[in-house]
Amino acid sequence: MPELDLRIPTSAQEVSETTRQAASWFDTHWQGWLASGLRIVFIIMLALVLRAVVRKLITQLIGRMARTSEHQEESRLGGLLANTGVVNTERRQQRSEAIGSVLRSVASFSILGTAALMVLSALGVNLAPLLASAGVAGVAIGFGARNLVTDFLSGVFMIMEDQYGVGDEIDTGVATGTVLEVGLRVTKLRGANGEIWYIRNGEVKRIANMSQGWATASVDVQVGYKEDLVRVEDLILATAEAMAKEAPYDELIWAPVSILGVESVASDSVVVRIEARTAPGKAFSVSRALRQRLKAAFDEAGIKVKEETPAAAAAAAAASAATGVVIAPSPVPAAEQGAPSALADPNSARFKATEPIPAAKPEP
């Protein structure tokens, strides 16, 4: 191939010779240019079409995953988001959109990145040093940003498995609160005192979600030792049933209140445990309302929460003596009264034995 003379022509003969060389060089290379251009255009068009097709397939896949059981029978595909009855339709839609966004981003990056490398190859760029450098850089970045990769992968699986979502009350072990924002790297929580926690997804080893499915309201009811437990249980069930029929508890209590039985027994009281299945996150409010209703019902029925013991009566007597306020002792049945003490009789030998010995009189 003749070499091009890059000097500026100064005569008509040199201009003619330069023109002839340029025409010869162009005639030699135009076919390669055209082939390379067509190849690049084909690669770009193929990449765009493939990207559009893949994104459309992902959208259809996510649409099938987001359907409820009313429109589609549960299958392996729907099992990825299969929490019917636990997660509502809006929640399923949010999860599917998040998963679809991640899949579309990964597909676009893979297809367009491969197309860019093929275009560089068509332009005659040697990709071996580029790929080697990219491999070394990828390894270095992988070691340096391994926590970032861990957080990202944990976030992806967290969204796919629906471990928690915005508005859920969760316990991550290091913080407890309401989820404000769910990201692929960081989850934002609002604590009980108003503080905001930023938790990396890769650092979460366990998660307790108090907002999925249902919650349990547990109440311990203390009654006097001598109270009739059958009567107490009937009163508890009647009070809970009446409460469950009133708004807003008719929507918060999902199952009838059940009495588990006696939780503990003391000398002056008995503790009965009851439970009720409630809406997620409403266990504490239902428990407080149920305690208030039971307190009013016990007062009306005259049920004591604690029996008065002899020790308590003695303490009350001592307090009345100290303050000058007379507190009438509660009557104690004769069957529970102890045997009379010999020290109570001033004429008994034991009483006289406890008298102090009189001091000796000095001799005159």
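Residues numbered from 1 in each chain as written. Predicted model: local features only at pLDDT ≥ 70, side-chain atom pairs only at ≥ 80, totals over all residues. Heavy atoms only, no water.

A.B. asks: Tell me about the overall build of the protein, residues and numbers included.
C.D. replies: A count of helical and extended segments in the protein gives 9 helices and 8 strands. Within the protein, contacts between residues at least 6 apart in sequence are counted, and of these 60% link residues at least 24 apart. Summed over its atoms, the accessible surface of the protein is roughly 24,600 Å², and 61% of this surface lies on carbon and sulfur atoms. (Helix = DSSP H or I, 4+ residues; strand = E, 2+ residues; numbered from the N terminus. Contact = heavy atoms within 4.5 Å. Areas by Shrake-Rupley, 256 points an atom, 1.4 Å probe, with all protein chains shown as cover.)

A.B. asks: Lay out helix α5 (residues 229-244) in plain terms, naming residues and giving numbers.
C.D. replies: End to end, α5 covers 22 Å across 16 residues, agreeing with the expected 22 Å (1.5 Å per residue, within 8%). If you check which residues of α5 are buried, you get V232, I236, T239, A240 and M243. Relative to the axis of α5, the buried residues are bounded by an arc of 95° and lie together on one face. Between a side-chain oxygen at the N-terminus of α5 and the backbone nitrogen of V230 the separation is 3.2 Å; the capping residue is D228. (Expected span 1.5 Å × (residues − 1). Buried < 20%, exposed > 50% of the residue type's maximum accessible area, 1.4 Å probe, protein only. Arc of directions from axis to C-beta. Polar contact = N/O pair within 3.5 Å; in protein donor to acceptor, adjacent residues only side chain to side chain.)

A.B. asks: Explain the sheet that holds strand β3 (residues 186-191) residue by residue, including any values.
C.D. replies: Pairing in this open sheet of 5 strands is antiparallel, and the strands run β4-β3-β2-β1-β5 from one edge to the other. If you trace the sheet from one side to the other, it starts and ends with β4 (196-200) and β5 (208-209), each paired once. Strand direction decides the pairing type here: strand β1 (residues 169-171) and β5, joined by 2 bridges, are antiparallel. In the strand pairing of β5, D171 is matched with A208. (Pairing = 2+ DSSP bridges.)

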